[in-house]
Amino acid sequence: DNSFCYKEIDVMRPTYKKFWRFDLAGNKNETKETNCPFPNPPENLVTQKYILNESTYQGGYESKIKNPDTNEEVILKPDSNCAFVPQAVLSLNGERIAFACELGKNELINKYIYILPVKDVFLRSYEKAVKIAYENDPYLQWIDDGQLLLKSAIGYKSVGEMWNTAKILLIKLDGSQQELVPRGTKITDGPVIAPGKNAFIYETIAEGKSNESREGNEEIVVMSLDKRILYRIHGTYAKWIR
C-alpha cells in the first residue's frame, strides 16, 4: 500500500543478493527476504474454467486448451490447413476463445482468426466459428465478452524497419468488423485497452515526420472505441493506471 520491495543481484557474483524496502516518502532500508514475498508468475494463463497452454515444436508452436476438472486437453486445430497458432486468448468470462491460425510460418495466404465457444473446441466442432481473415502478426485482446480488438500487420517488416505497418479492427461476435485505425498506419506498439473498456492506446510514428527512424518520432495516441482521437502524447511508452 505504501511501500515496495526489490531484490538486488549481481550477475558477476551469483551468491550476492540483497533485499531493499522503499516507502513512498523515499526512505530505503535493507530488509529480509521473508519480509518481501515475491509472487511467482503463473506458468499458464489460468481462468476459472480452462487453462490455455502454448508449447513449441520445430517450425512453430501450438496452443492447447485444457479442462482442469476432467484433464481433457485439445490442440487448437480446426482443420489440416492450420499449421500453427501464433496467438490465442480467452474471453474474460472464460466462455469463448479467439485464436489465429496460419498455414505455415512464411505463408502469405489462408490466415484466419477463429472465435467460438470453448465447449465447441472440446467437441472438435468449428463449423459455427466466426472466421476473420487477417494478414500478419496478429495481436488480439478481448474488450469484454462480446467484442475484441485485432491488430494485424500489413506485409512484413523490411530489414532495419522498426515498426509494423498495420491496422486495428474492432470485431464483434457476429463477425462484423469496424476499422478503428486505418490500414497502413505505422504502429510501433499496442493496442492496450483502458480499464474502463471505453478507449485504447497505441504507439505510432508522429504524423508528418519524414525521418523513418523511431528515435524521437514516437507518439502515443489515445482513441475511443467510436474512433475519436482523444489525445496525442509525445513519448515512447504508456500504460493505463486506472
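All values derive from a computational prediction rather than experimental measurement.

K.L.:
Help me understand the overall build of the chain, please; the structure alone is not making it clear to me.
P.N.:
In terms of helices and strands, the chain carries 1 helix and 18 strands. Of the contacts made within the chain by residues no fewer than 6 positions apart, 34% connect residues no fewer than 24 positions apart.

K.L.:
I tried to follow the pairing of strand E13 (residues 147-153) on my own but got confused; where do I start?
P.N.:
Walk down a regular strand and you will see the side chains alternate between the two sheet faces. Counting buried positions along E13 gives 7 out of 7 residues, so the element sits mostly inside the fold. Neither face of E13 is open: one carries Gln 147, Leu 149, Lys 151 and Ala 153, the other Leu 148, Leu 150 and Ser 152, and all of them are buried. Examined bridge by bridge, strand E12 (residues 136-144) and E13 share 6 bridges and lie antiparallel to one another. When the bridges of E13 are listed, Trp 142 appears paired with Leu 148. Here E12 folds back onto E13 in antiparallel fashion, the turn holding 2 residues.

K.L.:
What am I meant to see in the sheet that holds strand E15 (residues 177-193) here?
P.N.:
Across a sheet, paired strands are connected by hydrogen bonds in the backbone, their directions being either parallel or antiparallel. Taken in spatial order, the 7 strands of this open sheet run E12-E13-E14-E15-E16-E17-E18, and their pairing is antiparallel. Bordering the open sheet on either side are E12 and strand E18 (229-234), each of which pairs with just one other strand. Sheet twist, expressed as the average angle between the axes of neighbouring strands with direction ignored, equals 35°. Sheet analysis places strand E17 (residues 218-224) next to E18, joined by 5 bridges and oriented antiparallel. Paired with Met 223 across the two strands is Ile 229, which belongs to E18.

K.L.:
Explain the sheet that holds strand E10 (residues 112-117) to me, please; I cannot follow it from the model alone.
P.N.:
Strand order in the open sheet formed by 4 strands is E8-E9-E10-E11, with antiparallel pairing between adjacent strands. Two strands in the sheet have a free side with no partner beyond their single neighbour: strand E8 (88-90) and strand E11 (130-133). Ignoring strand direction, the axes of neighbouring strands in this sheet form an average angle of 15°. In this structure, E8 lies alongside strand E9 (residues 96-101), joined through 3 bridges in antiparallel fashion. Following the sheet pairing, Ala 88 is matched in E9 by Phe 99.

K.L.:
Can you help me understand the pairing of E10 in this one?
P.N.:
Most of E10 sits out of view: 5 of its 6 residues are buried. Pairing geometry for E9 and E10, over 6 bridges, is antiparallel. Bridged to Ile 97 within E10 is Leu 116. Sheet analysis places E10 next to E11, joined by 4 bridges and oriented antiparallel. What sits directly across from Ile 115, in E11, is Val 130.

Conventions we followed
Residues numbered from 1 in each chain as written. Predicted model: local features only at pLDDT ≥ 70, side-chain atom pairs only at ≥ 80, totals over all residues. Heavy atoms only, no water. Helix = DSSP H or I, 4+ residues; strand = E, 2+ residues; numbered from the N terminus. Contact = heavy atoms within 4.5 Å. Buried < 20%, exposed > 50% of the residue type's maximum accessible area, 1.4 Å probe, protein only. Pairing = 2+ DSSP bridges. Axes fitted to C-alpha atoms, helices over the stretch in contact; angles between N-to-C directions.

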